[in-house]
Every structure is written in C-alpha cells, then in structure tokens.
Amino acid sequence: MTLLDDAPLADGAGAAGGAAKGMPEQPKRKVRGLTRPEWAEYAIALVAGISLALLLRTLLDWDDVMGSAIIAGIAFIGVHYLIVRERTSPDVALDKVVTTMMWTVGAVIVAMLLWMLSYVAVRGLKLLNWTFLTTDLSTTGSLEEGGGALHAIIGTAEQVAIATMVVVPVAVLTAVYLHELKGRLAGLIRFVVDSLSGVPSIVAGLLIFTVWPGYAGIKASAALAILTLPIVTRASEEILRTVPDSLREASLALGAPQWKVVLRVVLPTARTGLATATILGVARMAGETAPALYTAFGSASVNLNPLNGSQSSLPLFVWDLIRVPDQRQNDRAWAGALVLVIIVLVLFATARWLSARADKKLGRR
Amino acid sequence: MSTHLDHDQQHTTTEPPVLTPQHLGPAAQGASSLTATDVSCWFGSRQVLERCSLSMEPGKVTALIGPSGCGKSTFLRTLNRMHEVVPGAKIAGTVELDGQDIYGEDLGVTEVRMAIGMVFQKPNPFPSMSIRDNVLAGLRLSGKSAGDKDTVVEESLRRAGLWNEVKDRLHDGGMSLSGGQQQRLCIARSLAVHPRVLLMDEPCSALDPISTRVVEETVIELAHQITIVIVTHNMQQAQRVSSQCAFFLVEEQKQPGRIVEAGDTATLFTNPKDQRTLDYVTGRFG
Ligand SMILES: Nc1ncnc2c1ncn2[C@@H]1O[C@H](COP(=O)(O)OP(=O)(O)OP(=O)(O)O)[C@@H](O)[C@H]1O
Ligand SMILES: [Mg+2]
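About the thresholds
- Each chain carries its own residue numbering, running from 1 in the written order of its sequence.
- Both sets of labels track the order of writing: A upward for chains, 1 upward for ligands.
- Owing to the predicted nature of the model, reporting of local features is limited to residues with pLDDT of at least 70; listing and counting of side-chain atom pairs is limited to 80 or more, with chain, interface and lining totals taken over all residues.
- Only hydrogens and water are set aside when side-chain values are computed; all heavy atoms of the structure are taken into account.
- Strands are runs of DSSP state E lasting at least 2 residues, helices are runs of H or I lasting at least 4, and numbering of each runs from the N terminus.
- Buried residues are those whose accessible area, probed at 1.4 Å on protein chains only, stays under 20% of the maximum for their type, while exposed residues exceed 50% and partly exposed ones sit between those limits.
- The criterion used for residue contact is that any of the two residues' heavy atoms lie within 4.5 Å.
- For helices, the axis comes from a line fit to the C-alpha atoms of the stretch in contact; other axes are also lines fit to C-alpha atoms, and the angle between any two N-to-C directions lies between 0 and 180 degrees.
- Working definition: roughly parallel below 35 degrees, roughly antiparallel above 145 degrees, roughly perpendicular at 65 to 115 degrees, and oblique for all remaining angles.
- In this scheme the crossing of two helices becomes right-handed for a clockwise turn of the near helix relative to the far one and left-handed for an anticlockwise turn of less than a right angle.
- We call Asp, Glu, Lys and Arg charged. Ala, Val, Leu, Ile, Met, Phe, Trp, Tyr, Cys and Pro are nonpolar, and the rest, Gly among them, are polar.
- Proximity criterion: a residue is near a molecule or strand once any of its heavy atoms comes within 4 Å of it.
- Two N or O atoms form a polar contact when they lie within 3.5 Å of each other; inside protein one atom must be a possible hydrogen donor and the other a possible acceptor, and for residues adjacent in sequence the pair counts only when both atoms belong to side chains.
- Only the protein chains shown count as covering a residue, and every accessible area follows the Shrake-Rupley method with a 1.4 Å probe.
- We define a nonpolar core as any set of buried Ala, Val, Leu, Ile, Met, Phe, Trp, Tyr and Cys residues linked to one another through side-chain atoms lying within 4.5 Å.
- The split into domains, and so the bounds of each, comes from an automatic or database assignment of domains.
- Buried area is understood as the total, over both parts, of accessible area removed when two parts are fitted together, assessed with a 1.4 Å probe.
- The working definition used for a salt bridge is a side-chain nitrogen of Lys or Arg within 4 Å of a carboxyl oxygen of Asp or Glu.
- Whether two strands pair comes down to DSSP finding at least two bridges between them.
- Geometry of aromatic contacts follows a simple scheme: Phe, Tyr and Trp rings, the Trp one being its six-membered ring, pair when their centres are within 6.5 Å, and the pair is stacked under 30 degrees between planes, edge-to-face over 60, tilted otherwise.
- Put simply, a charge is over a ring when the Lys NZ or the Arg CZ is close to the ring centre, within 6 Å, and near the line of the ring normal, within 35 degrees.
- Two kinds of site are reported from a 1 Å grid over the protein atoms alone, namely cavities, where a 1.4 Å probe fits but cannot get out, and pockets, open sets with protein on both sides within 12 Å along at least five of seven lines, and residues are called lining when an atom falls within 4 Å of a point.
- Grid points are joined across faces, edges and corners, and a volume is the space filled by probe spheres set on the points.
- Note on terminology: disulfide denotes any pair of cysteine sulfur atoms within 2.5 Å.

**Student:** Please explain the overall build of chain A as it appears in this structure.
**Tutor:** For chain A, the helix and strand inventory stands at 14 helices and zero strands. Listing every helix and strand of chain A by position from the N terminus yields α-α-α-α-α-α-α-α-α-α-α-α-α-α. For chain A, the C-alpha atoms occupy an extent of roughly 80 × 75 × 50 Å along the three principal directions. Across the 365 residues in chain A, those meeting the buried criterion constitute 37%. By sequence separation, contacts in chain A at least 24 residues apart represent 69% of the contacts at least 6 residues apart.

**Student:** Could you clarify how one ought to interpret helix α10 (residues 245-253) of chain A in this entry?
**Tutor:** Because an α-helix packs 3.6 residues into every turn, residues spaced three or four apart end up facing the same way. Within the span of α10(A), buried status applies to A:Leu247, A:Arg248, A:Ala250, A:Ser251, A:Leu252 and A:Ala253. A:Gly255 occupies a position one or two residues after α10(A) and carries a positive phi of about 95°.

**Student:** Any chance you could explain the packing of helix α3 (residues 131-142) of chain B against helix α6 (residues 179-191) of chain B here in plain terms?
**Tutor:** To describe two helices that pack against each other, one gives the angle between their axes and the distance between the axes. Residue and element names in this part refer to chain B. The interhelical angle for the contact between α3 and α6, taken along N-to-C directions, is 40°, at an axis separation of 6 Å. Considered as vectors, α3 and α6 are oriented oblique to each other. Crossing handedness for the pair α3 and α6: right-handed. Where α3 abuts α6, its residues Ile131, Asn134, Val135 and Ala137 lie against Leu185, Ala188 and Arg189. Of the residues contributing to the contact of α3 with α6, the split by class is five nonpolar, one polar and one charged.

**Student:** I would appreciate a short explanation of the site of ligand 1 in the present structure.
**Tutor:** Residue and element names in this part refer to chain B. Neighbouring ligand 1 are 13 residues; Arg46, Ser68, Ser73, Thr74 and His233 lie closest to it. Separating an oxygen atom of ligand 1 from a side-chain N or O atom of Lys72 is a distance of 2.8 Å. Separating an oxygen atom of ligand 1 from a side-chain N or O atom of His233 is a distance of 2.6 Å. Isolated, ligand 1 exposes 630 Å² of accessible area, and the fraction of that covered by the protein chains is 65%. Looking at the shell around ligand 1 element by element, the count peaks at three residues for helix α1 (residues 72-78).

**Student:** Just checking my understanding: could you explain the packing of helix α2 (residues 36-60) of chain A against helix α3 (residues 65-87) of chain A for this structure?
**Tutor:** Residues and elements named next belong to chain A. Packing of α2 against α3 brings their axes to within 7 Å, and their N-to-C directions diverge by 140°. Regarding the angle of α2 to α3, the classification is oblique. Like other packed secondary-structure pairs, α2 and α3 cross with a definite hand, here right-handed. A class-by-class count of the residues in the contact of α2 with α3 yields 18 nonpolar, three polar and four charged.

**Student:** Explain the nonpolar core to me, please; I cannot follow it from the model alone.
**Tutor:** Nonpolar side chains in soluble globular proteins tend to be buried together. Residues and elements named next belong to chain B. Judged by nonpolar contacts, the single largest core of 55 residues is most densely connected at Phe75 and Leu79. Filtering out sequence-adjacent residues up to four positions away, Phe75 remains in contact with Ala36, Val39, Leu49, Cys52, Leu54, Met56, Leu64 and Phe248. If you look at the next biggest cluster of nonpolar residues, it comprises 46 residues, including Val61, Leu157, Leu198 and Phe247.

**Student:** Can you walk me through the domain arrangement of chain A in this structure?
**Tutor:** The figure often quoted for interface size is the accessible area lost as the parts come together. All names here are of chain A. Taken as a whole, chain A is organised into domain 1 (34-123) and domain 2 (150-362). Counting from both sides, the interface comprises five residues of domain 1 and, opposite them, seven residues of domain 2. In terms of surface lost to domain 2, no three residues of domain 1 exceed Leu117, Val120 and Arg123, which account for 84% of the buried area on that side. Across the contact surface, domain 1 and domain 2 share zero salt bridges. Counting across the interface, domain 1 meets domain 2 through zero residue pairs in polar contact (both at pLDDT 80 or more). Each residue belonging to the side of domain 1 that touches domain 2 can be placed in one class, and the counts come to four nonpolar, no polar and one charged.

**Student:** Help me understand the pairing of strand β7 (residues 197-201) of chain B in this model?
**Tutor:** The side chains of a regular strand alternate between the sheet's two faces. Residue and element names in this part refer to chain B. Within β7, five of the five residues are buried, which leaves it mostly tucked inside the rest of the structure. On β7, burial covers both faces: Val197, Leu199 and Asp201 on one face and Leu198 and Met200 on the other are all buried. Looking at chain direction, strand β6 (residues 116-119) and β7 are connected through four bridges and run parallel. Its bridge partner lying in β7, Ile116 is registered against Val197. Bridge count for β7 against strand β8 (residues 227-231) is five bridges, and the pairing is parallel. Of the residues in β8, the one forming a bridge with Leu198 is Ile228.

**Student:** Help me understand the packing of aromatic side chains in this model?
**Tutor:** Aromatic rings considered in pairs are described by the distance between their centres and by the relative angle of their planes. Taken as a whole and judged by the stated rule, the model has eight aromatic pairs over all chains. Each ring, one from A:Tyr119 and one from A:Trp334, has its centre 5.5 Å from the other, and the planes form 75°; the classification is edge-to-face. Pair noted here: A:Tyr119 is in helix α4 (residues 90-125) and A:Trp334 is in helix α14 (residues 327-361), with a separation of 215 residues, a long-range link. Judged by relative accessible area, which is 38%, A:Tyr119 ranks as partly exposed. On the numbers, 5.6 Å between centres and 45° between planes, the contact of A:Phe209 with A:Tyr294 is tilted. Taken together, the residues A:Phe209 in helix α8 (residues 201-211) and A:Tyr294 in the loop between α12 (290-293) and α13 (314-322) connect sequence positions 85 residues apart. Residue class for A:Tyr294 comes out partly exposed when judged on its relative accessible area of 33%. Over the face of the ring belonging to A:Trp319 we find A:Arg323, whose NZ or CZ atom lies 4.6 Å from the ring centre. One residue, B:Arg189, lies across the ring of B:Phe126, its end atom 4.5 Å from the ring centre.

**Student:** Sorry, what's going on with empty space enclosed by the protein here?
**Tutor:** Where empty space is left can be seen by rolling a probe of water-molecule size over the atoms. Residues and elements named next belong to chain A. For the structure shown, the criterion picks out one cavity of 30 Å³ or more. Considering only enclosed or pocket space, the largest cavity measures out at about 50 Å³ in volume. Looking at the lining of the largest cavity, the elements with two or more residues in it are α6 (150-181) and α11 (258-286).

**Student:** Just to check I follow, could you spell out the side chain of B:Thr62 for this structure?
**Tutor:** Of note, B:Thr62 is situated in strand β3 (residues 61-65). When near neighbours in sequence (up to four residues on either side) are disregarded, B:Thr62 contacts B:Leu54, B:Met56, B:Glu57, B:Ile228, B:Val229, B:Ile230, B:Ser242, B:Gln244 and B:Cys245.

**Student:** So what exactly am I meant to see when it comes to the state of the cysteines here?
**Tutor:** A disulfide bridge is the covalent bond that connects two cysteines by way of their sulfur atoms. All names here are of chain B. Throughout the structure, instances matching the rule amount to zero disulfides over all chains. Considering cysteine sulfurs only, Cys186 is the nearest to Cys204, which forms no disulfide, with 12 Å between them. Residue classification places Cys204 among the buried residues on the basis of a relative accessible area of 10%.

This is the structure:
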C-alpha cells in the first residue's frame, strides 16, 4: 500500500494500476538469479564431481550407477564449497552447500514422484482405452482380450461418495464444536478423534465385518468413514484456526449470535480450506484397499446397488488382478492403478485450483 | 444525502463548512447519551480497571487517552458488552444508554451491540464477502430487516466517506481495498445498522496520514448524527476530533487503571487540574 493508493482525490479504481498516461511502456528487467562467477563455480564443480566419479568407476571397476551418482554429488558439493570459500568466505560457502543440498533433496523427491507416475503410466497405458473404462469383467475370461474396470470405477465412486457425505458434515460439525463453541466435551472428543486416527485400516474393515456382516458397498463406506473421519476433523479444525479472531469479534460487535458468526462468517471464510480438506480426504479414501476387503469384498461385474451384494472398487480390482500369475490380468491391474492415480491427481489439482481461484477472487495475495 | 468530506465534493455542489469540534454546535437530534458509572473490570482474578465513571454526551466525540496498558480498550469494550466475550472476564458497575442499563434485564446483548457499534484498531472486513455484502453484513448477522439494500449500502458508504472510491466496484472482495479504505469500509459496516453510539479503538493506528485525515473528517462529520467514543494515542488527533476527553492512568505497577481526569478537551489539554494529565498531554511521560 502506498500513500497514493489512499489519496482521497484519486479517482477510485481508475487511478490504481496501469501504466502512467503518455509514457511508453517500460521494459521489465529480468531478475538475475546467479552472477557470472557463480555460474562458473557451479560448472567447474560439476565437471570435477562427474570426472571424479568416472575415474573411480574405471579404476575400481564399478558398475553401480546409483553409487557413482552419489559419489559425483558429494564430490560436487565438496569441490564447490572449496572454490566458493576461496573466492568469498566460509559463511557464503556454507550457505551454498546448504542451498545445493536443499535443491538436491527437492529434486530427488520430485524425481521419485515422476518416476513412480511414469512407471504406472507406462504399464497402465497398455490396456487403458475406452473399452477398459466402459466394460466389466463378468463375461471376459482371464485369457481373453477386452473387459475393463467399469465395475470397479462405479464401486469406488459410490463407496467414496457415501462415505464423504457422512464424513464431511460430521467432521465439520465436530471441528466447529471443538474450535468455535469450545464445548465442555472438547477434551474428550479430541482424545477420541486422536485415538481413532491411529486405527489401522484393516482393523476398521474387520470391525465393520464383525458388527455388520454381509457384503455390500455401503459397508466399505462405513469402514472408510471410520478411517477418514479423524483426519478430516483435525484438518477442518486446523483450518478454522486460520480464521482470524478479529473476524469473530467484528461479527459479535455487530450483534450477531454465535451460530450466525459460525454460519455466515467463519465457515464462508474457511470455505476453500474446508473444500481442500474434503478433497484430500476423498483422495485418501479412493486409494484404501484394506477397509473394502471384508466389506465390499469385490466382484467381477457391475453392481449398481451399494446397499446389497458384493461390489468391486479400484484398489480391490488392482489387488485381485496383480496377485495372479497371468500377464493379461496383471496388465489390467496396472491399467486400474493408472485410473486410480489419475482420479487422485485430478482431485488434488481441483483442490489447488479451488483455493487459488478463491484467493484471487477475494483479492488476497 | 450529501456529505461534507472534501473528496466527495467533486460530485456535490454544497459549500464545505470549516469543521472543527468548536463548530459542532448543539447536540445532534436523536443522538444518545452513554453513561458509565463505577465500572471495574477483571481478566480472571486480575483487576485492570477500578471504578471508572464517565459521561459521554449525545452527539459529541469523547476521546479516551492514556499510556499503553492503562485499560482504554477494556473500558471501551465494556461499553458495548464486548468485554464479556473474553473467557474469565468480569465486570462491575453500570453502563446506561439513554438511562437504560445495558447490562440489565431489559436489553439483550444483540440489541446493545446493534445500538452501540464498534470499529477496531486493525481493519477487519470479512474476506469472504464483497464490499457491498460487507456493508450489509451487520443487518444480515443481527437479523434486522434492511429495507432497500442499495439505499443502505450507498448511504452507509457515503457517511463513511468511501462511496466515490468504491461505487463502481461494489462486488469486488472487501480485502481488495487498501488499508485506509478497508477501515472506512468497517466504519460503513458499523453505520449500516444505524447505531446510536459508535466506539472506535485507535481506528487510525494502522493507517497512513492521508487515510487518517479522511477517517478523522468522517468522525467529525458523524458527530452531527451520533455519539462517538474514540481511543487514541495521538494527542493532536484527540484535539482535532473530540470535544470531551478522559485521561486513563495506571498509577502504580500491578494496580488497576483509573480515570484521572475527564472533561472538556480544550481545558484538559491547556489547563488540566491534575499535574499527571499535564505531563502526559505535553509528552513529558507516557
Ligand atoms: N484478553 C486479556 N486477558 C488478560 N489480560 C488482558 C487482556 N486484554 C488486556 N489485558 C490486560 O488489561 C490491561 C489493559 O489492557 P487494554 O488493552 O485495555 O489497554 P489499552 O489502554 O487499550 O492499551 P493500548 O494503548 O496499548 O491499546 C493490560 O494490562 C492488559 O495486559
Ligand atoms: Mg488498546
């Protein structure tokens, strides 16, 4: 904010932003990251590191690529440190080492993720086509061509949707109770929620299997709900925490009763955060196998009714088909895995897009 | 209605009168008096205010001054029952709005807070609402019926001296404004429910000099219509906008704050009865 932004004589919206009238547009300068000597230092260190690794490889007759890469990396950091220390000072050199290491860690994580995704993509794309998305496996023998995961996609969609419809309202209400009303039972509830979040997924499935026997999609939903309720509740509570108290005070000072403060101010302010928490919970549910094992059980044909009869889901589909010693079935499993990964990625992307859009709309930066 | 703020003058033809507290004339019609009697406050077991009595005249600006931590904000918050929002906070004494006890049986807390609005130190527009919805928020939140919404929005924004700057962008987010504009939006939001009294806690402390001037002019302008109580650390501001003034002080460490002296602003600043008031207003301690 500058003084001029606030000048009462400024003609409202028109004056702010935009180029000054009658002046040619100024070229924007590129902000430089590294100076020329810095580039040279990196280059020299990189060459030195790689040479050292190659030298060791030939001398000691290694063929382990991973080992060589690690040695090259360490040599690079060491040489770089020495050069920079020579030219500037130990402090600057140490700073460079730490920076390099952080970039390396980041790069390794991104590389692992990309590798995993591309591996799934390469193996999955073999069978992923329109037929795969629109047929089930009820009439396709294991050695025949065709067939697909429609039954599993429908199963996942139904089970996750039902679980979400239960989890989100309960989780948000619980979070409101914990953080807005700060009710008398808050301590106890927080303890229960924390304990629930430690329940292993297989146990959630077994629990439902015991108390509610028989196979049906909705029973998988119940197990998924037990599993994600604590996660979404705690995430929602964290998000309510990010709503500044000044907004609650402002609402109260306007004469609002507490429930309206929550409904009209706190929840709308936290809306995108809550949507993100929900989507992350959904993504987590879509990928869970164990809760569905004894509840939805799995099936080879489309079962539209989540209330009755065994139903497949994408993780169950993958799990069933990857276990058999049969190339075609394994390929189907990979294609199913790819569908699952795409669904989750789309959900994550939606979450990011939602919050970015909301931030922009509200003029937050 | 036309306002006398100079930035609105581009669009209106009325001559702006010279505005100083001395020119305010008789109390505005329909303004209310607010009288605090023997107000004491506690946070838990710690007392921070001791028997503060102050009469805030209808249609006038009363300034609360004093060093940091002496309880000005706390006192202000007792005037519209915001003090009790803090867990463990307690209060003694009475506060009367036109002779009616705001802590009594007859008035609900919603009624009190609607009649006595509040503007905070840091601008706090609702980020999830547009400029227009921010102005209307008070009506919606308190369940009061609005009448014609567009009229309410325009009138409130005009009274807060913001209309000309935002009239073309009423549907933009409240956070898209500059800090000074946000503060005036908060003032408009408080005014939309037609309070009889407006409490302001250092409303200019987060603003630049130009926004400060605009807010001050808004305050002086509003004093024609409603009763205003303003906390400020700025002695010039207190003299510019207020006609009544109260000086708060913690006399000894760990002791609760008290009102040392209260009265006419001009007298308090030029010829105070208490030596400590003189020291404070002349900047010799504090
Ligand atoms: N929420 C709270 N809980 C406990 N003590 C508090 C709380 N708010 C304020 N106090 C204490 O009450 C006293 C008065 O605080 P208050 O905010 O009213 O001072 P002030 O005069 O407004 O100061 P400033 O000019 O710095 O705003 C201070 O000693 C402060 O520490
Ligand atoms: Mg204060």
